[in-house]
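# Observations on the three-dimensional arrangement
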Amino acid sequence: EEEEAKLQNGGFLPCPAGGVPSGTALEEPLRSCRLRSEAERRGGAPPALPPAPLGFTDVNLNSRNTYEVSRRRSAPEHLPHGGTAPAEPAPPPQEPAERARHRAGIAGAGSSFAEFFTRNFFTKRTKELKPAVQSAPGWKLFGKVPPRENLPKDSKIIQQEYEARTGRMYKPPPPSARRKNIEFEPLSTTALILEDRPANLPAKSVEEALRHRQEYNEMVAEAKKREIKEAHKRKKIMRERFKQEENIASAMVIWVNEILPNWEGMRATRRVRELWWQGLPPSVRGKVWSLAVGNELNITPELYEIFLSRAKERWKSFSETSSENDIEDAGASVADREASLELIKLDISRTFPSLYIFQKGGPYHDLLHSVLGAYTCYRPDVGYVQGMSFIAAVLILNLEEADAFIAFANLLNKPCQLAFFRVDHSMMLKYFAAFEVFFEENLPKLFLHFKSYSLTPDIYLIDWIFTLYSKSLPLDLACRVWDVFCRDGEEFLFRTGLGILRLYEDILLQMDFIHIAQFLTKLPEDITSEKLFSCIAAIQMQNSNKKWAQVFASLMKDNKEGDKNHSPAPKS
C-alpha cells in the first residue's frame, strides 16, 4: 500500500492533513547531532528525541535538491496514457496506534538524515547572466584588445547621478567667465588648466581660478615668445639662403662668361680670389677643380681605360685564388694584396653612408669601385689606403668618370698627400711640427692646454688630412674647403684645422684628453660655413714674418743638417 501511495504521489509519501511546520525535517537532525556531541563530551548517553512526524516538507531553500522535490510534486513523471492527472488515492486502512507511531518514527528519522546529507546548508545565489554589451574593440601592440564589458559613462549621466545622490543642482559658470577669442592656442594640454572640474569634484575657488588663469597667461606668453623667436630664425635662414642663391647665380655668370674663358690670365687676380673664397658655384666647381689641380702626370682617358681593364683582370684572378700562398706565388706585392677587391669593397660601403649612393646597389657604387681599382694599378707603390674612397667620392660627385680619375691621381701626387698616403713618417712629423708653430702663434692658451695633456697633432690631424675634411665636416662645407684648398694648396688644409680649433676653443679648454680626442674625431654636425670661414680668416699664417712655405722649408733644412751631424764619419 505504501508503494502504491508513493507511485500515485510522485514517488513520495503523502503528508498528513494537519501538515508539518516548514523546516522541521532539517532542524531535527541538526539538533540530534548537536545534543549527541554534547553528551559524548560529558560522557553520558545522548538524550532521546521525540520521533519526527511522518512525511516530507518543502524546505524553502534555493538548492538543486529542493528544486527537484518541488518539480516532481508539481509535475509527476508517471501519467496515464489518457493525459489526465491520476485520481485522488484512497486513504490507507487503519493501523494500530503503536505500530503507526513506530513506523512514523523510523520513516521520519530516515528521511531527516537523508535530507541532511543530500541538501546544502547554505543557499546558492545564482548569478543572473546579463547580456554583454558589445563595444568597439580596442587596439594594443600585438592584436586586438577584447571588447570591454562596460562602456564608460557619459559626463551628463555622471552629473545626473551626482545631483540625484546629493540633491544639489550644478550651475555652470556664466558664458562670460569662459575663454573667448583666444588668439594663440598652445599645443598639448596647456589650456586644460582653465577648464572647470567635473561635476563630481569640488568646484574651483575664486583664488584658484585666478591663479590658474595667471599661470595660463604666463605659459601662453612664453609659447608666443618661443614661436616668434623660431619664426624669426626661420626667416633669417631663408633670407640667407635666398641671398646665397642669388650670389651663386650671379657668380656663376661671372665664372662662365669671364673667368673660365680667360683662366690663365685671371686666376691670380684679386677679384677671382675673392670670388673663390666665397665658394664656387656647384655648376662650375668640377671644372675649376680640374683646372686648379692640373694634370702634371699627363693622364688621358684612354690610359684610364687601360688601367681599369687591368684592375678588372686582377679582381677576377683574386676571386679565383683561394689561398694566400697562391697570391704570393703569382708575384703580388703587399700593396697588391691591399688593393684586393674585398678591402676596397669594405671601404666603399663606409663612404658617405648617409647618402646611400656609394653602397652596393647605389648609382655610384660601381663608378667609385672602378676609379679606386684603376688607381691601385696605376700606382702600385702607393696602392689602396683607407680614406682614399672619400676623396674619390667627392670628385665623382662633381666630375665625369675619366676626369675624376685624372684629378684623383694628380691630387694624390701632391707632396703632402703623397707623404701621408705613403706613410712617410719623417715627412709627416715635419708637417706636424710646422702646424704646431702656427698653433702656438694663433692659439697660445689652447696650445698650452693641449701640451699639458700631451695631446699631439697626429691624434686629430691624420683623419682630417687623409680625407681632406670630407669625412669630418658636412659635405657642402667640405666642398667649400676644397674650393680654397685648390686655390691655396696644402697650407689651407692646416689653416682649416686651426680654424676648427679656434671655433671650439672655449669648449676644448674645459675638456680633458679623452674628451678632446673624441670631440675632434667627430665634430658637431651643426657647424656652419659662415662661422668656420670667419674663424679661418682670423688665423694668421705668419710666424716671425715667415709664411707657411718658409717655416716648412726651414724645418726641412734643420732636419737635413741634423742628419749630416748624426751620420757616421768616413773611414780614413
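Now for a description of the structure that goes with this document.

Analysis parameters
- Residues numbered from 1 in each chain as written.
- Predicted model: local features only at pLDDT ≥ 70, side-chain atom pairs only at ≥ 80, totals over all residues.
- Heavy atoms only, no water.
- Helix = DSSP H or I, 4+ residues; strand = E, 2+ residues; numbered from the N terminus.
- Buried < 20%, exposed > 50% of the residue type's maximum accessible area, 1.4 Å probe, protein only.
- Contact = heavy atoms within 4.5 Å.
- Areas by Shrake-Rupley, 256 points an atom, 1.4 Å probe, with all protein chains shown as cover.
- Axes fitted to C-alpha atoms, helices over the stretch in contact; angles between N-to-C directions.
- Left-handed = near helix turned anticlockwise from the far one by under 90°.
- Nonpolar A, V, L, I, M, F, W, Y, C, P; charged D, E, K, R; others polar.
- Core = buried A, V, L, I, M, F, W, Y, C linked by side-chain atoms within 4.5 Å.
- Expected span 1.5 Å × (residues − 1).
- Parallel < 35°, antiparallel > 145°, perpendicular 65-115°, else oblique.
- Salt bridge = Lys/Arg side-chain N within 4 Å of Asp/Glu carboxyl O.
- Polar contact = N/O pair within 3.5 Å; in protein donor to acceptor, adjacent residues only side chain to side chain.
- Phe/Tyr/Trp six-rings, centres within 6.5 Å; stacked < 30°, edge-to-face > 60°.
- Lys NZ or Arg CZ within 6 Å of the ring centre and 35° of its normal.
- Patch = residues over 30% accessible without salt bridge, like charges linked within 9 Å, V, L, I, M, F, W, Y side chains within 5 Å.
- Lys, Arg positive; Asp, Glu negative; His and termini not counted.
- Charge placed at Lys NZ, Arg CZ, Asp CG, Glu CD.
- Arc of directions from axis to C-beta.

Right, let's talk about the overall build of the chain for a bit. When helices and strands are counted, the chain shows 26 helices and four strands. With 572 residues in all, the chain has 34% of them scored as buried. Partitioning the contacts of the chain with sequence separation of at least 6, the portion at a separation of at least 24 is 68%. As presented, the chain carries roughly 37,200 Å² of accessible surface, and 54% of it is formed by carbon and sulfur atoms.

Contact pair helix 9 (residues 282-293) / helix 21 (residues 475-488): the axes reach a minimum separation of 9 Å and the direction vectors enclose 35°. As helix 9 runs across helix 21, the sense of the crossing is left-handed. Residues Arg285, Trp289, Ala292 and Val293 of helix 9 pack against Cys479, Arg480, Trp482, Asp483 and Cys486 of helix 21. Considered class by class, the residues forming the contact of helix 9 with helix 21 number six nonpolar, no polar and three charged.

In a soluble, globular protein the nonpolar side chains are often hidden away together inside. By size, the foremost hydrophobic cluster in this structure holds 111 residues, and its most contacted members are Trp255 and Leu501. Apart from residues lying up to four places away in sequence, Leu501 is in contact with Phe435, Phe439, Leu443, Leu446, Phe450, Tyr460, Leu508 and Leu520.

Glancing now at helix 21. Each full turn of the α-helix corresponds to 3.6 residues, which orients residues three or four apart in the same direction. An ideal rise of 1.5 Å per residue puts 20 Å on 14 residues; helix 21 measures up with 20 Å between its terminal C-alpha atoms. Within helix 21, burial applies to Leu477, Ala478, Cys479, Arg480, Val481, Trp482, Asp483, Val484, Phe485, Cys486 and Arg487. Following helix 21 by one or two positions, Gly489 has its phi on the positive side, about 85°.

Attention now goes to the packing of helix 14 (residues 365-378) against helix 15 (residues 388-398). Relative to each other, helix 14 and helix 15 sit at 120°, their axes nearing to 10 Å. Overall, the two elements helix 14 and helix 15 adopt an arrangement that is oblique. In this structure, helix 14 meets helix 15 at a crossing whose hand is right-handed. In this structure, helix 14 uses Leu367, Leu368, Val371, Leu372 and Tyr375 to contact helix 15, whose residues at the interface are Met388, Ser389, Ala392, Ala393 and Ile396. Per-class residue counts for the contact of helix 14 with helix 15 are nine nonpolar, one polar and no charged.

Glancing now at the pattern of salt bridges. Scanning the model with the defined rule gives nine salt bridges in all. We note a salt bridge from Glu258 to Arg271, for which the minimum N-O separation is 3.0 Å. In this pair, Glu258 is assigned in helix 6 (residues 206-259) and Arg271 in helix 8 (residues 270-278), connecting sequence segments 13 residues apart. Judged by relative accessible area, which is 32%, Glu258 ranks as partly exposed. The shortest N-O distance in the salt bridge between Arg350 and Asp347 comes to 3.7 Å.

This part covers the side chain of Asn442. The residue Asn442 is located in helix 18 (residues 425-442) in this model. In terms of polar contacts, Asn442 uses its side chain to reach the backbone amide nitrogen of Gln540, at 2.9 Å.

In total, this model carries 31 aromatic pairs according to the counting rule given. Taken together, a centroid distance of 6.2 Å and an interplanar angle of 45° make the contact between Phe420 and Tyr431 tilted. Separated by 11 residues along the polypeptide, Phe420 in helix 17 (residues 415-421) and Tyr431 in helix 18 bring together distant segments of the chain. For the pair shown, Phe420 and Tyr431 are each scored as buried. Each ring, one from Phe450 and one from Tyr460, has its centre 6.1 Å from the other, and the planes form 75°; the classification is edge-to-face. One end of the pair, Phe450, is in helix 19 (residues 444-452); the other, Tyr460, is in helix 20 (residues 458-467), and 10 residues separate them in sequence. As far as the burial class goes, Phe450 and Tyr460 line up, both buried. Across from the ring centre of Phe533, 4.1 Å away, lies the NZ or CZ of Arg480, which sits over that ring.

Let us now look at a positive patch on the surface. Where like charges cluster on the molecular surface, the positive patch consists of Lys229, Lys233, Lys235, Lys236, Arg239 and Lys531. If one sorts the elements of the positive patch by residue count, helix 6 sits on top with five residues. Here Lys235 lies in helix 6.

When you line up the elements, Arg480 lands in helix 21. Buried Arg480, no salt bridge; nearest opposite-charge side chain is Glu530, N-O distance 5.0 Å.

What follows concerns unusual backbone geometry. Glycine aside, a negative phi is what most residues show, and trans is what most peptide bonds show. One non-glycine residue, Ser454, lies in positive phi territory at about 55°. Considering the arrangement of structural elements, one finds Ser454 in the loop between helix 19 and helix 20. Look at Leu468: it is not a glycine, yet its phi comes out positive at around 55°. Looking at the secondary structure, you find Leu468 in the loop between helix 20 and helix 21. Leu468 sits in the buried class, given a relative accessible area of 0%.

It is worth spelling out the environment of Ala553 at this point. Tracing the backbone through its elements, the reader meets Ala553 in helix 26 (residues 548-566). Overall, the relative accessible area of 43% leaves Ala553 in the partly exposed class. Along the backbone, Ala553 and Lys430 are 123 residues apart, and their C-alpha atoms lie at a distance of 9.5 Å.

Residues Leu446, Phe447, His449 and Phe450 constitute the buried set of helix 19. Buried residues of helix 19, viewed axially, fall in a sector of 160°; they line one side. With respect to the buried face of helix 19, the exposed residues turned more than 90 degrees away are Lys445, Leu448 and Ser452. On the buried face of helix 19, the contacting elements are helix 18, helix 20, helix 22 (490-503), helix 23 (505-508) and helix 24 (513-521). Looking one or two places after helix 19, you find Ser454, whose phi comes out positive at around 55°.

These values are about where atoms sit, not about what they do.
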